[in-house]
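Descriptive analysis of the structure
What follows is each chain in one-letter form.
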Amino acid sequence: IRRPPRSTPLYSSAASDVYKRQGGITSSDVATLGLGYRYLLVNSDNHRDDVAEYQALLNSAKTIQVFPGDRAGQPGPRIDVLEIDIKPEDLAIVPYSVQFGEQLKLLGYEMQPGPPRSALLPLESASAGIFPQNLGLQLNLTWQVMKQLDQNMALFVHITDAHGNVVARRDALMRYPDYPTSQWKVGEIVVDMADMPLPALTQGMYSINVGVYDLDTFEKLAIREPGDGVELGENGNALLLSEFEVR
């Protein structure tokens with residue numbers, strides 16, 4: 001299943017190609033493509049020729065539901081519903097490991113020009129650097145929960161020009177209302193859609209700055225120990241995530 005209900009579709013482009021080519025994937029595909037899918041519906045009757053691989057898949061996954069089918073006198077085959085353990089290195093995103101406070105780690109992002117979307121969808125590892133004029137920003141941020149959050153946190157996205165002036169901004173509760181941060185579980189990987197419209201920007205370079213804060217107190221989660229390749233924006237109050245050029 002390519003659309004888990006809480007975390008966004010977490011699948012590799014290679015797994016997606018197999019899905020399109022075959023109309024589905026086998027246990028062998030899952031093993032060789034880095035466990036690109038988060039949830040699998042598996043008909044065990046189709047795996048009589050690759051029993052060892054199928055058993056390895058079952059051992060590495062969590063079985064969350066079994067429909068016994070005709071083995072229990074019910075119509076249809078036996079179906080196992082498996083939840084695949086997603087690892088950060090398996091994600092089809094632009095990697096960007098940054099810690100926000102003790103609670104959240106940003107694992108990476110995807111971005112491209114386009115109008116704000118009505119639903120959370122993958123952007124296929126997009127990292128577009130060129131934006132046509134009069135198009136918005138489509139942005140997926142992939143987070144891992146390091147410590148339980150008791151409150152619903154908000155995300156800000158500021159677009160700044162070459163002089164540091166904020167030319168567009170977005171403030172919104174993360175994954176609200178379907179899955180706010182107070183419901184996130186430690187260790188879980190969650191994707192937040194942070195799309196925003198952009199004004200009629202003049203040609204030139206622009207920066208995307210992001211930060212996380214408590215909407216009640218406006219206290220920001222500090223960006224902890226930024227490493228090599230990590231830049232802070234807005235006088236250290238935000239993460240300079242990426243840049244794009246408007247042509």
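As shown above, the structure is provided for reference.
Residues numbered from 1 in each chain as written. Predicted model: local features only at pLDDT ≥ 70, side-chain atom pairs only at ≥ 80, totals over all residues. Heavy atoms only, no water.

1. Section: the sheet that holds strand S1 (residues 39-43)
- With respect to topology, three strands assemble into an open sheet ordered S1-S3-S2, the strand pairing being antiparallel. Across the chains shown, the open sheet's two edge strands, defined by having one partner strand only, are S1 and strand S2 (61-67). With direction set aside, neighbouring strand axes in the sheet form an average angle of 25°.
- Bridge count for S1 against strand S3 (residues 79-84) is five bridges, and the pairing is antiparallel. Bridged to asparagine 43 within S3 is isoleucine 79.
- Against the sheet, helix H3 (residues 51-60) makes contact with S1, S2 and S3, and its axis sits at roughly 55° relative to S3, the strand it touches most. (Pairing = 2+ DSSP bridges. Helix = DSSP H or I, 4+ residues; strand = E, 2+ residues; numbered from the N terminus. Axes fitted to C-alpha atoms, helices over the stretch in contact; angles between N-to-C directions. Contact = heavy atoms within 4.5 Å.)

2. Thoughts on unusual backbone geometry
- Backbone torsion omega between tyrosine 176 and proline 177 reads 5°, so that peptide bond is classified as cis.
- Take proline 177: it is sitting in the loop between strand S9 (166-173) and strand S10 (189-193).
- Of note in this structure, asparagine 134 is not a glycine but carries a positive phi near 70°.
- Mapped onto the elements of the fold, asparagine 134 is located in the loop between strand S6 (130-131) and strand S7 (137-145).
- One non-glycine residue, arginine 175, adopts positive backbone phi at about 50°.
- As for its position among the elements, arginine 175 is in the loop between S9 and S10.
- The exposure class assigned to arginine 175 is buried, which follows from its relative accessible area of 7%. (Buried < 20%, exposed > 50% of the residue type's maximum accessible area, 1.4 Å probe, protein only.)

3. Some details on the packing of aromatic side chains
- This structure, assessed with the given rule, holds six aromatic pairs.
- When the ring of phenylalanine 156 is compared with that of tyrosine 213, the centres are 6.2 Å apart and the planes differ by 35°; the resulting orientation is tilted. Here the residue phenylalanine 156 occupies a position in strand S8 (residues 153-160), and tyrosine 213 occupies one in strand S11 (residues 204-214), the gap between them amounting to 57 residues.
- Residue classification places tyrosine 213 among the buried positions, given a relative accessible area of 7%.
- An aromatic cluster is built from Phe131, Tyr206 and Phe244, whose rings are joined through pairwise contacts. (Phe/Tyr/Trp six-rings, centres within 6.5 Å; stacked < 30°, edge-to-face > 60°.)

From the geometry alone we can't say anything about function, so treat these as descriptive.
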